[in-house]
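# Structural description and commentary
Letter by letter, the chains look like this.
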Amino acid sequence: KYVTQAGIDIDTAYAYLSEHLDVEVKSLKPVNYGTSDAPVGGVDIQVSVSSHGLFEKTTKVCTMTVKGDGTSALGTCEHGTFELSRRSNDPPTIDPADIAEIGKLIYDAVEDTQAVIDTSVDWAGAVPHGITDWTQLENWKGPVQSDSYYIEFKNFVGMKLTKFAWRFAWKYGGDVKGVGQYVTEAGIEIDTAYAYLSEHLDVQVQSLKPVNYGTSAAPVGGVDIQVSVSSH
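## Considering the nonpolar core
- The biggest cluster of nonpolar side chains holds 29 residues, and the ones touching the most others in it are Phe-164, Ile-188 and Val-203.
- Contributions of two or more residues to this core are made by β6 (95-103), β7 (106-111), β9 (124-129), β11 (160-176), β12 (179-195), β13 (201-207) and β16 (225-231).
- For this core, the element with the most residues is β12, which contributes 5 residues.
- Residues in contact with Val-203, not counting those within four places in the same chain, are Asp-108, Ala-109, Val-110, Phe-164, Val-227, Ser-228 and Val-229.

In structure tokens, the structure reads:
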């Protein structure tokens, strides 16, 4: 008497919004539960259930022996609760004086005289280390814009070959529970990108290392925005 198609049928698979559920099924080495003259084949089916998310990943195991004579025997089944994960899921400690950069370090604003900048993602910010999303801070102001600046290239007779004009733009004043002043979405807005028929204009924007321009008690985050204009 033997057994085949031994496995599981799922009744319920549920996880709370923050959690993840994984289930693995394994068959162990088969055994003859009868005799050499009257063999009865059997196999252990082991179900491993893992839960993780806000809680530390924990796995519980349940085993059942199924036999060719139609009988079964429930083996070890673990029960228990899941402990909160404190090391991997607790929010990081925020030091308002430790300034870090978010956003893009470097990006193209103009390629071959065509604007390719996407101001929704092409920007930089200076915020406390541990902040990954500037909307975690409060009391933002702006955006504000600078005056317009331009770089112009001319040939030896004074004819304009290329010109790029832009404004700096940024949001400012975000704080951590009333502490600090930080900057985000710092970048440029294009006024003019011009090239004569024979010329090509490329513009690249880079944000440099952020700096605390205030004090440890009253930090003021800042970042340099560097605009590189090439004409060829």
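## As for the pattern of salt bridges
- Going through the model one piece at a time under the given rule, you end up with 4 salt bridges.
- Asp-122 is paired through a salt bridge with Lys-104; the nearest N and O atoms lie 2.8 Å apart. Taken together, the residues span a long stretch of sequence, with Asp-122 in the loop between β8 (114-115) and β9 and Lys-104 in the loop between β6 and β7 at a distance of 18 residues.
- The class of Lys-104 is partly exposed, set by a relative accessible area of 35%.
- When the shortest N-O distance is used, the salt bridge between Arg-167 and Asp-191 registers 3.2 Å. Of this pair, Arg-167 sits in strand β11 while Asp-191 sits in strand β12, placing them 24 residues apart in sequence.

## Examining the environment of Lys-67
- With respect to the helices and strands, the residue Lys-67 is situated in strand β4 (residues 58-67).
- Separated by 24 residues in the primary sequence, Lys-67 and Val-43 have C-alpha atoms spaced 6.7 Å apart.
- Apart from residues lying up to four places away in sequence, Lys-67 is in contact with Val-3, Tyr-33, Val-40, Gly-41 and Gly-42.

What counts, and at which threshold
Residues numbered from 1 in each chain as written. Predicted model: local features only at pLDDT ≥ 70, side-chain atom pairs only at ≥ 80, totals over all residues. Heavy atoms only, no water. Core = buried A, V, L, I, M, F, W, Y, C linked by side-chain atoms within 4.5 Å. Buried < 20%, exposed > 50% of the residue type's maximum accessible area, 1.4 Å probe, protein only. Helix = DSSP H or I, 4+ residues; strand = E, 2+ residues; numbered from the N terminus. Contact = heavy atoms within 4.5 Å. Salt bridge = Lys/Arg side-chain N within 4 Å of Asp/Glu carboxyl O.

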